[in-house]
Amino acid sequence: MSSALENLYGAIIVSDIHKYGEKQMIQIKMQVPGAQYVGEQSVTAETLQFIDQILNHPKIVNGGFDPEIFESEKLGLISEVEMRKDDKDGWALSLCVENMSENEPYSIHEYGSVEAIRKITPSTLYEHYLKVLKTSSIDMIVIGD
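Not measured: the values here are computed from a predicted model.

(A) Spatial organisation of the nonpolar core. Counting six residues, the largest nonpolar core consists of Leu5, Leu8, Ala11, Ala35, Val43 and Phe50. Setting aside chain neighbours within four positions, we find phenylalanine 50 in contact with Met1, Ala4, Leu5, Leu8, Ile13 and Met30. Counting five residues, the second-largest nonpolar core is a separate cluster that includes Ile78, Val81, Val114 and Ile117.

Dropping the structure here:
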């Protein structure tokens, strides 16, 4: 990915998860210089091909996401969920929401729980990913010339 981003004139890509009520949104943002600034008219097409490659052709091994990359990301997410406790105000608010809306989807934090994350496997995540791609609405917003 780093090499592909560098070939797109130092493009930047970031992703995150946001929760609005009981709905969860996957957000992917990418910044690429306009064709007029780099003198290359194909930069837009190359950017769309890069996004297509990421979304529609991820690295799959034995019917699931690459186990090595998966485990690294899984550990990072577990660490992030555990660090939520360090923000006392945010943690108290999260516990309040969890208790007030127990057994409802609204009670689940956008990053989930450590227990739930530990149960995820490369193949179950890939199956869920395919379901999300097939059943969720997708909005693409392009800003610039």
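(B) Summary view of the pattern of salt bridges. Taken as a whole, this structure holds two salt bridges when the rule is applied. With a shortest N-O distance of 3.1 Å, lysine 59 and aspartate 66 are connected by a salt bridge. We classify lysine 59 as exposed; its relative accessible area is 54%. Two residues, arginine 84 and glutamate 98, come together in a salt bridge whose shortest N-O distance is 4.0 Å. Residue arginine 84 is found in the loop between helix 4 (67-83) and helix 5 (88-100), and its partner glutamate 98 is found in helix 5; the two are separated by 14 residues along the sequence.

(C) Expanded view of the pairing of strand 2 (residues 23-31). Two strands pair when backbone bridges link them, and strand 1 (residues 12-20) and strand 2 are joined in this way by nine bridges, in the antiparallel orientation. Bridge pairing in strand 2 places lysine 19 opposite glutamine 24. Between strand 1 and strand 2, which pair antiparallel in sequence order, lie two residues; one of them, glycine 21, sits at a positive phi of approximately 65°.

(D) View of the packing of aromatic side chains. Per the stated rule, a full pass over the model turns up two aromatic pairs. A ring pair is formed by phenylalanine 65 and tyrosine 126, whose centres lie 5.3 Å apart and whose planes are at 80°; its orientation type is edge-to-face. One end of the pair, phenylalanine 65, is in strand 4 (residues 64-65); the other, tyrosine 126, is in helix 7 (residues 122-135), with 61 residues separating them in the sequence. Relative to tyrosine 129, the ring of phenylalanine 65 has its centre 5.6 Å away and its plane inclined at 70°; by these criteria the two rings are edge-to-face. Highlighted residues: phenylalanine 65 in strand 4 and tyrosine 129 in helix 7, separated in sequence by 64 residues. By the ring-pair criterion, three or more aromatic residues cluster together here, those being Phe65, Tyr126 and Tyr129. The ring of tyrosine 106 is capped by lysine 19, whose NZ or CZ atom sits 5.3 Å from the centre of that ring.

(E) Seen up close, helix 4. In this model helix 4 runs 24 Å from its N-terminal to its C-terminal C-alpha over 17 residues, within 8% of the 24 Å that 1.5 Å per residue would give. Among all positions in helix 4, only Phe70, Lys74, Ile78 and Val81 are buried. Each buried residue of helix 4 sits inside an arc of 70° when the element is viewed along its axis, so together they form one side. Facing away from the buried surface of helix 4 by more than 90 degrees, the exposed residues are Glu68, Glu73 and Leu75. For helix 4, the secondary structure elements touched by its buried residues are helix 6 (114-119) and helix 7. The residue sitting at the N-terminus of helix 4 and contributing the capping side-chain oxygen is aspartate 66; that oxygen lies 2.8 Å from the backbone nitrogen of glutamate 68.

(F) Summary view of the environment of isoleucine 138. Among the secondary structure elements, isoleucine 138 is positioned in the segment after helix 7. Distance from isoleucine 138 to tyrosine 9, taken between C-alpha atoms, is 26 Å for residues 129 residues apart in sequence.

(G) Just the side chain of lysine 74, in detail. With respect to the helices and strands, the residue lysine 74 is situated in helix 4. Of the side chains bearing the opposite charge, glutamate 71 lies closest to the buried lysine 74, which forms no salt bridge; the N-O distance is 4.5 Å. Polar contacts involving the side chain of lysine 74 include one to the main-chain carbonyl oxygen of arginine 118, which spans 3.0 Å. Within polar-contact distance, the side chain of lysine 74 engages the backbone oxygen of isoleucine 120 at 2.8 Å. What lysine 74 contacts, discounting residues up to four positions off in sequence, is Ile117, Arg118 and Ile120.

Cut-offs used in this document
- Residues numbered from 1 in each chain as written.
- Predicted model: local features only at pLDDT ≥ 70, side-chain atom pairs only at ≥ 80, totals over all residues.
- Heavy atoms only, no water.
- Core = buried A, V, L, I, M, F, W, Y, C linked by side-chain atoms within 4.5 Å.
- Buried < 20%, exposed > 50% of the residue type's maximum accessible area, 1.4 Å probe, protein only.
- Contact = heavy atoms within 4.5 Å.
- Salt bridge = Lys/Arg side-chain N within 4 Å of Asp/Glu carboxyl O.
- Helix = DSSP H or I, 4+ residues; strand = E, 2+ residues; numbered from the N terminus.
- Pairing = 2+ DSSP bridges.
- Phe/Tyr/Trp six-rings, centres within 6.5 Å; stacked < 30°, edge-to-face > 60°.
- Lys NZ or Arg CZ within 6 Å of the ring centre and 35° of its normal.
- Expected span 1.5 Å × (residues − 1).
- Arc of directions from axis to C-beta.
- Polar contact = N/O pair within 3.5 Å; in protein donor to acceptor, adjacent residues only side chain to side chain.
- Lys, Arg positive; Asp, Glu negative; His and termini not counted.

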